[in-house]
Amino acid sequence: MSMVLALTVCGLVVALVVVGLFVFGLRRRLIQRSGGTFDCSLRWDVPEKGDSNGKGWSYGVARYNGDRIEWYRVFSYAPRPRRVLERSAIEVAGRRAPEGEEELALLSDAVILVCLHRGTRLELAMSEDALTGFLAWLEAAPPGQRVNVA
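Residues numbered from 1 in each chain as written. Predicted model: local features only at pLDDT ≥ 70, side-chain atom pairs only at ≥ 80, totals over all residues. Heavy atoms only, no water.

Caption draft 1: Up close: the overall build of the protein chain. The helix and strand inventory of the protein chain stands at three helices and eight strands. The order of α-helices and β-strands along the protein chain, N terminus first, is α-β-β-β-β-β-β-α-β-β-α. (Helix = DSSP H or I, 4+ residues; strand = E, 2+ residues; numbered from the N terminus.)

Next up, the structure:
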C-alpha cells in the first residue's frame, strides 16, 4: 500500500511541475502576444555612485503599451507588470557597459541605460537593438511632452 501511495505522490508532484511550467510559458506568450516586447533586465533604486557587483538585477521582459513601458519579471507567475514606466517621467542619465560581476548577471550583449523615473534611479540592461528602439520610442513622445535623453 505504501508503494502505491509513494507512486501517487510522485505522480502528483510531476503533474504539478508540468502544469507550473505550462502556466509559466503561457504567461510569457500572453505578454508577448501584443508585440512590442524585448528582453530587459532591471535594477531598481540604484545608489548614486552605483556598484558593479552584479546584485539587484532582475531578468525580465519589457512591453511597449502606448506611452508606458510595462516590465514583467521572467521568473514569476504574476499576470500584472512588476514596474510601469511612463514615457514622460523617464529621464536618461547615461549609458555604460556592464562591469565586473555584472557581466555574469546580464545577457552577453547587454548595454546598461541609467535612468531616473519620478526621482528613482534605475538601470535597464538590454541589447543594442532594443536600446535603439527604446530611445526612438522615448524621442517619439507626442508634442508638448518633455523627454530628457542624454
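Caption draft 2: Quick peek at the sheet that holds strand S7 (residues 111–117). Pairing in this open sheet of four strands is antiparallel, and the strands run S2-S8-S7-S6 from one edge to the other. Looking at strand neighbours, the two that pair on one side only are strand S2 (41–44) and strand S6 (90–96), the edges of this open sheet. Strand after strand, the sheet turns through a mean of 25° between neighbouring axes, direction not considered. Along the sheet, helix H3 (residues 128–139) contacts S6, S7 and strand S8 (120–126); its crossing angle with S6, the most-contacted strand, is approximately 150°. (Pairing = 2+ DSSP bridges. Axes fitted to C-alpha atoms, helices over the stretch in contact; angles between N-to-C directions. Contact = heavy atoms within 4.5 Å.)

Caption draft 3: Just the pattern of salt bridges, in detail. Within the structure shown, the criterion is met by nine salt bridges. Glutamate 86 is paired through a salt bridge with arginine 118; the nearest N and O atoms lie 3.1 Å apart. Here the residue glutamate 86 occupies a position in strand S5 (residues 83–86), and arginine 118 occupies one in the loop between S7 and S8, the gap between them amounting to 32 residues. Accessibility expressed as a relative area gives 60% for arginine 118, which makes it exposed. Close ionic contact of arginine 96 with glutamate 102 constitutes a salt bridge, the shortest N to O distance being 2.8 Å. Each of Arg43, Arg96, Glu102 and Glu123 takes part in salt bridges that share partners, so that together they form one network. (Salt bridge = Lys/Arg side-chain N within 4 Å of Asp/Glu carboxyl O. Buried < 20%, exposed > 50% of the residue type's maximum accessible area, 1.4 Å probe, protein only.)

Caption draft 4: Highlighting the sheet that holds strand S3 (residues 60–65). Spatially, S1-S3-S4-S5 is the arrangement adopted by the four strands of the open sheet, whose pairing is antiparallel. If you trace the sheet from one side to the other, it starts and ends with strand S1 (37–39) and S5, each paired once. For this sheet, the mean inter-axis angle between neighbouring strands, taken without regard to orientation, is 20°. Pairing analysis gives three bridges linking S1 to S3, with the strands arranged antiparallel.

Caption draft 5: Region of the structure containing the environment of serine 58. On the secondary structure map, serine 58 appears in the loop between S2 and S3. Separated by 14 residues in sequence, serine 58 and tryptophan 44 place their C-alpha atoms 9.0 Å apart. If near-sequence neighbours (up to four positions away) are discounted, serine 58 is found in contact with Cys40, Ser41, Leu42, Trp71 and Arg73. A polar contact of 3.1 Å, which involves the side chain of serine 58, links it to the side chain of arginine 73. (Polar contact = N/O pair within 3.5 Å; in protein donor to acceptor, adjacent residues only side chain to side chain.)

Caption draft 6: Molecular detail of H3. Between the first and last C-alpha of H3 there are 17 Å, a value that for twelve residues agrees with the 16 Å anticipated at 1.5 Å per step. Each element contacted by the buried residues of H3 is listed here: S1, S3, strand S4 (68–73), S6, S7 and S8. (Expected span 1.5 Å × (residues − 1).)

Caption draft 7: Region of interest: the packing of aromatic side chains. This structure, assessed with the given rule, holds three aromatic pairs. Here the aromatic rings of tyrosine 64 and tryptophan 137 are separated by 5.4 Å at their centres, their planes lie at 50°, and the arrangement is tilted. One end of the pair, tyrosine 64, is in strand S3; the other, tryptophan 137, is in helix H3, with 73 residues separating them in the sequence. Relative accessible area serves as the criterion here: at 11%, tryptophan 137 is assigned to the buried category. Seen from their ring centres, phenylalanine 134 and tryptophan 137 are 5.9 Å apart, and the 35° between their planes marks the pair as tilted. Remark: tryptophan 137 and phenylalanine 134 occur in helix H3; sequence separation between them is three residues, near one turn of the helix. (Phe/Tyr/Trp six-rings, centres within 6.5 Å; stacked < 30°, edge-to-face > 60°.)

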